[in-house]
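# Per-entry structural report
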Amino acid sequence: MIVTLDYESELPLYSQLYDEIVRGIADGSLTSGDSLPSVRSLAGDLSINLHTVNKTYQRLKQEGYVQIHRQKGAVVQPLGSVPATPEFRAMMSRQLRSLAAESVCRSMEEEEFVEQCRSAYRSLKGEDPS
């Protein structure tokens, strides 16, 4: 899995790294039982602070995407083992409302917005995005 971070982005690096790893789990680049690189190794590879990677791994653990083992490090959990909780659904709704608001302000048609959402979801599921 290749991780791409935008060091100039307003989005914090730990959030970008979290998003990249979750995307990798969703699209199958990372599968159940895969070990993530050590905190030190990933921080070195990405030229970021150890604490940034550690914060990302702790958030992934908290959300149920990985388990942290003393000997194995961070290990990916099976796909589907993290339920869509009411809290997740509320967060998703907030984020979608923000994206919808920006789309309206930029005069994007509803159908194009919905198609973008559908395409992103299907591409992560390995389905034909069209």
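Residues numbered from 1 in each chain as written. Predicted model: local features only at pLDDT ≥ 70, side-chain atom pairs only at ≥ 80, totals over all residues. Heavy atoms only, no water.

### Concerning a negative patch on the surface
Residues Glu 109, Glu 110, Glu 111 and Glu 112 make up a contiguous surface patch of negative charge. Considering the arrangement of structural elements, one finds Glu 112 in helix 5 (residues 110-124). (Patch = residues over 30% accessible without salt bridge, like charges linked within 9 Å, V, L, I, M, F, W, Y side chains within 5 Å. Areas by Shrake-Rupley, 256 points an atom, 1.4 Å probe, with all protein chains shown as cover. Salt bridge = Lys/Arg side-chain N within 4 Å of Asp/Glu carboxyl O. Lys, Arg positive; Asp, Glu negative; His and termini not counted. Charge placed at Lys NZ, Arg CZ, Asp CG, Glu CD. Helix = DSSP H or I, 4+ residues; strand = E, 2+ residues; numbered from the N terminus.)

### Some words on the pattern of salt bridges
Per the counting criterion, the structure on display carries two salt bridges. Taking the shortest distance from any N to any O, the salt bridge between Arg 23 and Glu 20 comes out at 2.7 Å. In this pair, Arg 23 and Glu 20 are both assigned in helix 1 (residues 13-27), three residues apart and thus about one turn of the helix distant. Given a relative accessible area of 39%, Arg 23 falls into the partly exposed group. Judged by relative accessible area, Glu 20 falls into the buried class, the value being 17%. (Buried < 20%, exposed > 50% of the residue type's maximum accessible area, 1.4 Å probe, protein only.)

### Details of a nonpolar patch on the surface
A cluster of nonpolar side chains, contributed by Phe 88, Met 92, Leu 96 and Leu 99, occupies part of the molecular surface with about 330 Å² of accessible area. By the element assignment, Leu 96 lies in helix 4 (residues 86-105).

### Structural notes on the pairing of strand 2 (residues 73-76)
Along a regular strand, successive side chains alternate from one face of the sheet to the other. As defined by bridge partners, strand 1 (residues 66-69) adjoins strand 2 across four bridges and the pair is classed as antiparallel. The partner of Gln 67 across the bridge, within strand 2, is Val 75. Hairpin remark: strand 1 followed by strand 2, antiparallel, with three residues in the connecting loop. (Pairing = 2+ DSSP bridges.)

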